[in-house]
Amino acid sequence: MYKHMRQLVLGITFCTGFTALVYEVTWQKYLANLLGSQAKASAIILAVFLGGLSLGYSLFGKWSMAKKAGYLIKGCGWAEVGIGAWALLFPIIFNFVSEKVTFLSGPDYFLFFIDLVTCIFLISFPTVLMGSTLPLLTQGLSMSVSEAVPVHARIYATNTAGAFVGCLIGGFFLLPSFGLPLTMMYMAVINLVGGLALLILGAVQKNALDFEIIEAKEVITDSKNTKDFVYGLSIAFIAGFNALSLQTLFMRIFALSVGASEYAFCVVVAVYILMLAVGAYGLTKTKERKLQLCVNQTIALIGLFVLYFLIPYFPYGGHLLRTLFVSTGLAFYVYFFATFLVLAIVLAIPIGSMGRTMPLLLQVIKSRYHNLGSDVGRIYAWNTIGCVGGALVGGFFLLYFFNMDNVFKICLLGLSASVILALILERSSQKIVQVFMVCGLVVTVFLVPNWDKKKFTHGLFRYREPLEKTFSGPEELYYSVFKDQKILAYWDDPNTTAVITEFAMPAAKKGPKISRSIIINGKSDGSTYGDLATMSLAGHLPGLFQKSKNQKTAVIGFGTGVTVGSLSLYDEIKEINVMEISPAVKKFAPFFDFANHRASKSEKLKWHMGDAFRVLGHSQDRYGAIISEPSNPWVTGIERLYTLDFYQRVFDRLDEFGIYVQWIHTYEISYNTVGLVINTFSHVFPNIRIFIVGPDLIMLGTKTKHLPESLDMAARRFELPKIKEDLEILGLHSVEGLLSLELPLSPALFQDAGVHTLEFPRLTYQAGKDFFKGLGASPWAYLQTDKLKGVTRLETEKSLIKTWFDKAGDKTLVLKNIAQDTCGQKKAQFFQNWKSSSKICQNSLVALAAMGEIDTQSDTQQEGIKKLQGLSAAWQKGPVLSKKFKKYGTNDITDLDPRKELIRLFASYE
């Protein structure tokens, strides 16, 4: 009966471990929405979560002393009921607290205190209750001291295995499918049912559980026991510190190897938890052996030492693994399963050994039976305090001063100390020899070279197909990919791994002879060459159209500073507030002064370090323009800047004529995901204009329809010498060329794409799958589909370029300017392969040809041009134009007044 009873309790323990991990992930997202997603906020959240567990271990450990088994099982049941009840109420409680603290402002120390108190209020109660499981069940299910180690190991392994499953199910299914509130509700039901089951088992099986107490034969003196506990608690603390510090490092390294998506982080946490569970499970049937703890810690130390030399090859391994899978939906799950298996093999020895540490401490530290729960509580309390230290110090504070490889070495040093403490604790006769061995290993660790930073520079995970040197080994591949690049700077800060790279420009290229890029977590977040047009226009568009008298603007994400530099050219703008989450980006800002009008030295620049969502929430300022250039939405934490909630916050911070600029890419993303962003954007901003610059979209959102009214002002500003010179670098020589970049894309097309909110963060998961598949969302191809021709024509009639053309006095000059900029030619003329150019380029050339304005000296187009010249003589013949224009590159010219049709034609994107 007792055996079956124990199996039932362990089954419930598995379920509560499952919910605990899902809670942790869900609370992390909830609280990040309130505190921000920077590393400091994450460290606070994790520290409070672990601190609650530590307090729970201690309190319930003391409470378990001299309690009967059935009573302890029921106590654990009541704890699970309490967790479930709090989880049911959590969304309501969170919304109440959020309204009270969101817009609080003040000094950093005040906000830190508010963040800490908020986290304690929201999650300390359930996390303290979560700390009841190990001490209560270890005491309640163990019949003797000698049985305590395997029983405790089984409880720990089962609970941790549940957490492993919860991590995968929660990250890959629950949160993407149901969002935060529903996920909380489902987990609450599991806890309530599990708690009720424990209450029933504790009551019905009371007699079976209240077995005879079997005391340990060996009773250690109090002084000896006290000294053992000091050593044991020290090992527990070091184990906790290392566990959280290394987990943070593994997550960062894995992000550099396979991309910083939610799925990647889910895999790392799941592998980490599973290896801890497997390590503990190995002790469930193990008898006590001399020096077992010491041997285990030594194995963990050697495993981590070997891992240190393997880590620089993780990015190469990630690329190699990625090339083995096709970019399809099913392959997405197979790929991450394979990634999980490979990482599990790599981490099995060091992390599995770490999973054995805590159960082994119970074996070494002798205790009376009645003290089992108390001992477990004390040991795990100190272990969790170490985890708090790992979250705050190893995973956050140390990264302000050291790169990741040096933090890894500090963890090796801590693990070495735990080996020495284990030798002392177990009173080994070989203690001196092993101490010298450990010290020798420590010295060796600090003599080995640091990691080759080049290997963590540009994420190889973005190459989905094998490269020429992929299978020639890591060194040859790294050389072939990075041979033309120089690393100017590298730094790991608590939020990011930031790298500045440089390569020489082609000799024929005008302007700067070099290009520099800033690479964040293995992904380029801007370059002074390939991204120059997008970043520059993100500043120029609101600058040209700014009708607001407000002299303040805000830029979210400094990047290369090109946007800030473009804004600084406008005399009307007196203050540029940059909201930047990464200290490294600020530190590296001067590297780009050669290409951004010395933006980092601008008197207009004002830094705000922190999460933009948080900074805007605390700000009481209003802005004439806010420009958001975050990273790709598949990058974890970034998706919050694309939410309905954030757009509403931005809307509230803009004045009447304020302009909000939002960047989004069209590569590695699906039409539906782009539509999700546009639809969410349109739910807040009633007036939207979308411009396309290469593979990027720039969306302008306003409260009023003032952009068409501001065209004359924009044209005047365009002609200002310093602004015109800057735009000519981008190939834009006229305001017509700039306006021609607008897409006739109606937000109404994406009404069924859904809305992305903080409570239902679907974008990050959807974009993560798109990134794996390497999809592309070409707006041109989308607009040319048959079903959209009517919509496209309607939107073209409302475009800024059409409005400008209608009011222009010299329409021939307008057409020439359009042809010049959209065709990329020095003057409006036909050129070889002109029919492969954009539709607006083709149509403007044809319209000019029909008007007799085109230079006809092109040999490649001589015959066609002659025929087009003939059309000018038939200018008033009406219907004959329709068929002839179709032959020479025009689209759908109806048999209407040819003058009107030619005016419309140049702006048609059909």
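Residue positions within a chain follow its written sequence, with the count starting from 1. Per-residue local features of the predicted model are confined to residues with pLDDT of at least 70, and side-chain atom pairs are confined, for both listing and counting, to 80 or more; whole-chain, interface and lining totals are unaffected and use all residues. Excluded from the side-chain calculation are hydrogens and water; included are all heavy atoms of the structure.

Engineer: Outline the sheet that holds strand β10 (residues 687-693), listing residues and values.
Structural biologist: The mixed open sheet is built from 8 strands, whose spatial order is β7-β6-β5-β8-β9-β11-β10-β12. The sheet terminates laterally at β7 (605-609) and β12 (742-743), the two strands that pair on one side only. Across 2 bridges, the pairing between β10 and β12 is antiparallel. Paired with F691 across the bridge in β12 is E742. Note on contacts: a residue pair qualifies if any of its non-hydrogen atoms lie within 4.5 Å across the two residues. Only the contacting stretch of a helix is used when fitting its axis, a line to C-alpha atoms as for every element, and angles between N-to-C directions run 0 to 180 degrees. Helix and strand definitions here come from DSSP, where helices need a minimum of 4 consecutive H or I residues and strands a minimum of 2 consecutive E residues; each element is numbered from the N-terminal end. Across the sheet, helix α21 (residues 644-653) lies against β5 (552-556), β8 (623-628) and β9 (654-665), angled at about 145° from β9, the strand it touches most. Any two strands with at least two DSSP-identified bridges between them are counted as paired.

Engineer: Account for the pattern of salt bridges, with residues named and values stated.
Structural biologist: Salt bridges are counted wherever a side-chain nitrogen of Lys or Arg sits within 4 Å of a carboxyl oxygen of Asp or Glu. Scanning all chains against the criterion turns up 24 salt bridges. Residue K453 pairs with D405 through a salt bridge whose shortest N-O separation is 2.9 Å. Taken as a pair, K453 in the loop between α15 (431-447) and α16 (474-482) and D405 in helix α14 (residues 404-426) lie far apart in primary sequence, 48 residues in all. Accessible area is worked out with a 1.4 Å probe on protein chains only. A residue is then buried under 20% of its type maximum, exposed over 50%, and partly exposed in between. Classification of D405 as buried rests on a relative accessible area of 1%. Residue K552 pairs with D621 through a salt bridge whose shortest N-O separation is 3.4 Å. Of the two residues, K552 sits in strand β5 while D621 sits in the loop between α20 (612-618) and β8, which places them 69 residues apart along the sequence.

Engineer: Provide a residue-level description of unusual backbone geometry, including the pertinent values.
Structural biologist: Of note, the phi angle at N521 is positive, near 50°, even though the residue is not glycine. Mapped onto the elements, N521 comes out in the loop between β3 (514-520) and β4 (523-527). With a phi angle near 55°, E668 is a residue other than glycine that sits in the positive phi range. On the accessibility criterion, E668 (10% relative accessible area) is buried.

Engineer: Tell me about the state of the cysteines, and please be specific about residues and values.
Structural biologist: The definition used for a disulfide is geometric: two cysteine sulfur atoms within 2.5 Å. In total, this model carries 1 disulfide according to the counting rule given. Disulfide pairing is shown between C823 and C841; the S-S distance is 1.9 Å. With the S-S dihedral at roughly 110°, the linkage between C823 and C841 falls on the right-handed side. In this pair, C823 is assigned in helix α30 (residues 811-823) and C841 in helix α31 (residues 839-850), connecting sequence segments 18 residues apart. Summarising the burial analysis for this pair, C823 and C841 share the class buried. Of the cysteine sulfurs around C266, a residue in no disulfide, the closest is that of C167, at 3.9 Å. Here C266 falls in the buried class, since its relative accessible area comes to 7%.

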